[in-house]
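# Residue-level structure breakdown
Chain by chain, the residues:
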Amino acid sequence: MLELNKKAEQAKEKKAAIGPDIDLTSFTSEQVSHGYLEDLTQLPDEDRSRMIQSGVDASESGRSGTYIQMDTSVVHAHAKQEGLQVIPIKQALREFEWAREYYWKLVAVDADKYTAQAQLNLHDGYVIRALPGSKVIYPVQACLYIDKENLSQHVHNLIIAEEGAVLHVITGCATGPNLKRGLHVGISEFFVKKNATLSFTMIHNWAEEMMVRPRSVGVVEEGGLFLNNYICMRPVKSLQMYPTTHLVGKGAVSRFYSLLVGSPGSELDVGGRIFLKAEDTRAEIIARAISNGGRIISRGDLIGEVPGVKAHLECRGLMLKGGLIHAIPELRGTVDGVEMSHEAAVGKIAQDEILYLMSRGLSELEATSTIVRGFLSVDIPGLPPQLKAEIDRAVEMSEKELM
Amino acid sequence: MLRIEDLQVKIGDHEVLKHIDLEIKQGETHILFGPNGSGKTTLLMTVMGYPQYTVTAGNIFFKGEDITNLPLNERAKMGIGMSYQRPPTIHGLKTRQMVEICAREKIDVADLAGKVNFTDFLERDINAGFSGGEIKRSELLQLMAQDPDLLLFDEPESGVDLENIALIGNSISRLLQRDFHVDPEMTQKQKKLARTKMGLIITHTGFILDYVTADRGQVLYDGVMSCKSNPQEIFNCIKKMGYEECVRCSN
Ligand SMILES: Nc1ncnc2c1ncn2[C@@H]1O[C@H](COP(=O)(O)OP(=O)(O)OP(=O)(O)O)[C@@H](O)[C@H]1O
Ligand SMILES: [Mg+2]
């Protein structure tokens with residue numbers, strides 16, 4: 001811990017490699033206490049409905065566990081299933097040696113001022129772990145909620161699928177109905193062990209003046225599968241993230257999907273980077289971006305380091321009502337025999353598609369929204385139906401706002 | 001009834017249709033012949049209401065209403081539907097969803113698709129990578145779901161293999177209420193009275209004539225409409241003498 005603190009101290013002022021710099025002193029990061037709730041139905045209705053929009057259902061139907069944090073306090077954490085652990089990270093670090101083994105293992109504590117803050121002033125976060133061989137059928141839900149005006153929330157999450165385990169996580173980040181300004185710093189470290197499957201679906205519903213700086217890195221061992229889905233379709237002031245995954249074991253697979261909407265005043269800089277470091281590994285990054293007057297930078301980076309690996313990157317952008325979409329796809333092969341490709345396209349809705357639908361009886365508005373929905377509907381093989389339903393719901397809601 | 005009066009249509013600066021008159025009475029089906037580039041698709045797209053086809057003169061009436069300036073979704077609601085030669089692909093929109101859009105109410109999509117041998121395509125994005133013949137079946141399926149009163153077919157049988165051609169021909173015949181031959185009791189007059197659907201079918205091959213009994217054939221030549229007579233006769237004439245001769249003799 002001392003060593004980590006020392007490194008973090010040194011990186012306190014270090015600007016991030018990309019994205020607009022944030023003045024951390026303009027936020028407060030003091031503890032905001034909320035009482036622990038045994039019974040989630042006691043959550044205020046307003047907060048509950050905001051959480052539901054991010055896929056977190058306080059009734060816990062169709063969920064195998066729940067973690068809810070409001071501002072800096074853990075409000076609820078428990079697992080409903082054998083072989084599954086859902087523990088606040090501060091508690092886990094105190095009580096379990098194994099948790100300390102994973103902490104800051106993949107993300108560098110001195111990467112930038114945000115990672116440094118998460119070490120120096122940690123406001124909890126979750127550890128979700130599926131024990132070896134356990135199949136967690138229903139998704140685990142986690143919500144990081146900000147209610148206090150001008151708070152900078154610093155969380156650290158560990159998500160671990162042990163050997164042969166199957167784990168699905170949906171995590172929603174949301175803000176209270178009246179919140180305007182805030183900062184969210186979230187460190188996430190993903191460990192997908194041998195022959196394990198992890199799907200991680202993150203739905204963000206921020207406020208117009210929110211700044212967001214997630215920092216996440218994953219590692220996938222032999223035969224493992226890591227699905228990483230990111231959905232951000234509501235306004236946010238500035239979001240910058242570049243999640244990275246290392247495929248280190250034979251046959252490891254990782255797929256990233258992101259659905260982004262840039263509303264006026266929003267700036268989203270979202271990337272995905274996958275290193276293919278072992279035999280027979282495969283990677284795919286798929287992004288759909290809609291600019292509704294905001295700015296979106298969609299980055300993708302695939303690095304093939306072993307012969308025979310396969311990777312594909314696809315970014316499609318749709319200009320709906322002005323703004324900017326900047327697709328930056330990158331491929332790097334460091335040896336012979338890698339098979340990597342990318343396709344990027346940015347355009348507006350084709351008039352002939354609108355007319356085709358209108359000739360089947362739809363109004364122009366209905367036709368446009370049908371095309372937008374189609375644009376945002378990507379098939380994600382391996383995703384459980386509950387999570388597909390949550391993504392569909394988020395798309396439907398944002399589509400109503402877009403139209 | 002569809003009535004077109006002295007219609008002139010431009011695409012950009014290019015005048016494609018000149019003084020077109022056409023009348024399709026309730027229950028009638030007409031066949032439209034004409035060489036490549038003569039303006040057949042243009043005529044159908046104009047009736048459907050595509051805005052890039054500018055009407056510079058004349059009028060289109062449907063069910064007694066002047067629809068010349070009506071947007072295409074309003075025309076669809078009035079009961080006009082079209083099967084396209086080259087429809088666009090819409091990514092992420094499943095064929096099943098497209099058929100549901102056409103139907104506007106809950107229907108058994110799989111059952112309907114079975115009738116045109118298209119069940120296997122329902123979960124594919126509409127028109128994405130469809131072959132020529134598959135597009136025809138997809139378009140027909142959409143019209144079957146929509147069930148409009150005036151059906152505009154742009155070469156519904158070109159590129160369709162021999163196995164599917166009967167399927168398509170018979171389905172079109174049924175949509176146009178031309179399949180009353182199954183009821184031998186009906187007199188010619190009764191059949192005619194029972195029909196409400198109207199059709200306008202473009203064909204090059206004439207195969208469709210083997211399945212659909214049509215009331216009249218016409219030839220569109222260089223943007224001008226000529227030769228109104230029995231479709232089979234016109235087709236035979238075109239086969240024997242070519243379009244130019246055929247148009248000359250009838251004028
Ligand atoms: N978008 C366009 N811009 C310019 N000219 C066009 C356009 N669309 C059609 N045309 C022209 O209008 C004329 C009529 O075309 P149309 O498609 O109606 O012919 P067609 O009779 O259907 O031919 P085919 O038998 O080949 O399908 C052609 O000369 C064609 O090149
Ligand atoms: Mg044509």
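Look up: the structure comes first, before these words.
A brief report on the enclosed structure follows. (Residues numbered from 1 in each chain as written. Chains lettered and ligands numbered in written order. Predicted model: local features only at pLDDT ≥ 70, side-chain atom pairs only at ≥ 80, totals over all residues. Heavy atoms only, no water.)

## What about the sheet that holds strand 14 (residues 253-262) of chain A?
Within a sheet, adjacent strands bond to each other through the backbone by hydrogen bonds, running parallel or antiparallel. All names here are of chain A. Put simply, the rule reads: Pairing between strands is defined by DSSP: at least two bridges between the two strands are required. In DSSP terms, a helix is any run of H or I states spanning at least four residues, a strand is any run of E spanning at least two, and both are numbered starting from the N terminus. Axis lines are fitted to C-alpha atoms, over the contacting stretch for helices. Their N-to-C directions set the angle, which ranges from 0 to 180 degrees. Every residue pair with non-hydrogen atoms within 4.5 Å of one another is taken to be in contact.
Read from one edge to the other, the open sheet built from ten strands follows the order 2-1-5-7-9-11-14-17-19-21, with strand pairing classed as mixed. A strand with exactly one partner marks an edge of an open sheet, and here the two such strands are strand 2 (73-79) and strand 21 (339-348). Averaged over all pairs of adjacent strands, the angle between their axes in this sheet comes to 5 degrees, without regard to strand direction. Each of strand 1 (65-70), strand 5 (140-146), strand 7 (166-175) and strand 9 (197-205) touches helix 2 (residues 45-53); the most contacted strand, strand 5, lies at about 125 degrees to it. The strands touched by helix 7 (residues 364-376) within the sheet are strand 14, strand 17 (282-291) and strand 19 (310-319), with strand 17 carrying the most contacts at an inclination of about 155 degrees.

## Focus: the interface of chain B and chain A
So the rule is basically this: Summed over both partners, the accessible area (1.4 Å probe) lost when two parts come together is defined as the buried area. Salt bridges are identified by distance alone: a Lys or Arg side-chain nitrogen within 4 Å of an Asp or Glu carboxyl oxygen. Pairs of N or O atoms within 3.5 Å make up the polar contacts considered here, provided that, within protein, one atom can donate a hydrogen while the other can accept it, and that residues adjacent in sequence are counted only when both atoms are side-chain atoms. Polar here means any residue outside two lists: the nonpolar Ala, Val, Leu, Ile, Met, Phe, Trp, Tyr, Cys and Pro, and the charged Asp, Glu, Lys and Arg; Gly therefore counts as polar.
The interface is formed by 28 residues belonging to chain B together with 18 residues belonging to chain A. Taken together, both faces of the contact between chain B and chain A bury some 1800 Å²; the carbon and sulfur share is 63%. Residues K94 of chain B and D379 of chain A are paired through a salt bridge, measuring 3.8 Å at the closest nitrogen-oxygen approach. Linking chain B with chain A are eight residue pairs in polar contact (both at pLDDT 80 or more), by the criterion used here. Of the residues assigned to the side of chain B that touches chain A, the class counts are 17 nonpolar, eight polar and three charged.

## Side note on the packing of aromatic side chains
Short version of the rule: Under the pairing criterion, centres of Phe, Tyr and Trp rings, with the six-membered ring standing for Trp, must be within 6.5 Å; the plane angle then separates stacked pairs below 30 degrees from edge-to-face pairs above 60, leaving the rest tilted. Put simply, a charge is over a ring when the Lys NZ or the Arg CZ is close to the ring centre, within 6 Å, and near the line of the ring normal, within 35 degrees.
Per the stated rule, a full pass over the model turns up 13 aromatic pairs over all chains. Seen in terms of ring centroids, F121 of chain B and F130 of chain B are 5.8 Å apart; in terms of plane orientation they differ by 80 degrees. Their pairing is edge-to-face. Grouping aromatic residues by their ring pairs yields a cluster made of F96, W98, Y102 and F191 of chain A. Looking at K277 of chain A, its charged tip hangs above the ring of F275 of chain A, at a distance of 5.1 Å from the centre. Note that R288 of chain A overlies the ring of F375 of chain A, its terminal NZ or CZ placed 5.9 Å from the centroid.

## Re the side chain of Q141 of chain A
All names here are of chain A. Residue placement: Q141 occurs in strand 5. Polar side-chain contacts of Q141 include one of 3.2 Å to the side chain of R63. Not counting chain neighbours up to four residues away, the residues in contact with Q141 comprise G55, V56, D57, E60, R63, G65, T66, Y67 and I170.

## A few points about helix 2 of chain A
Residues and elements named next belong to chain A. Keep this limit in mind: In this scheme, a residue with accessible area under 20% of its type's maximum is buried, one over 50% is exposed, and one in between is partly exposed, where area comes from a 1.4 Å probe on protein chains only. Arc, as used here, means the arc of the directions from the helix axis to the C-beta atoms.
All of the buried residues in helix 2 are D47, R50 and M51. One side of helix 2 carries all its buried residues, which in axial view fall inside an arc of 100 degrees. Where helix 2 is buried, its residues meet strand 1, strand 5, strand 7 and strand 9. After helix 2 finishes, the residue G55 shows a positive phi value of roughly 85 degrees.

## Overview of the coordination of the magnesium ion (ligand 2)
Tetrahedral metal sites with four donors have an ideal angle of 109.5 degrees; octahedral sites with six donors have ideal angles of 90 or 180 degrees. All names here are of chain B. Going by this rule: With water omitted from the atoms examined, metal sites may look incomplete; donors here are N, O and S atoms no farther than 2.8 Å from the metal, or 3.2 Å in the case of Na, K and Ca.
Each protein donor to the magnesium ion (ligand 2) is listed here as T41 (OG1) and Q85 (OE1); together their distances run 1.9 to 2.6 Å. One end of the pair, T41, is in helix 1 (residues 40-48); the other, Q85, is in the loop between strand 6 (80-83) and helix 3 (95-103), with 44 residues separating them in the sequence. In this structure T41 comes out as partly exposed when scored by relative accessible area, which is 26%.

## Brief notes about helix 1 of chain B
All names here are of chain B. Buried residues dominate helix 1, accounting for eight of its nine residues. Looking at helix 1, one finds that the buried residues are K40, T42, L43, L44, M45, T46, V47 and M48. Immediately downstream of helix 1, the backbone of G49 shows phi near 110 degrees, a positive value.

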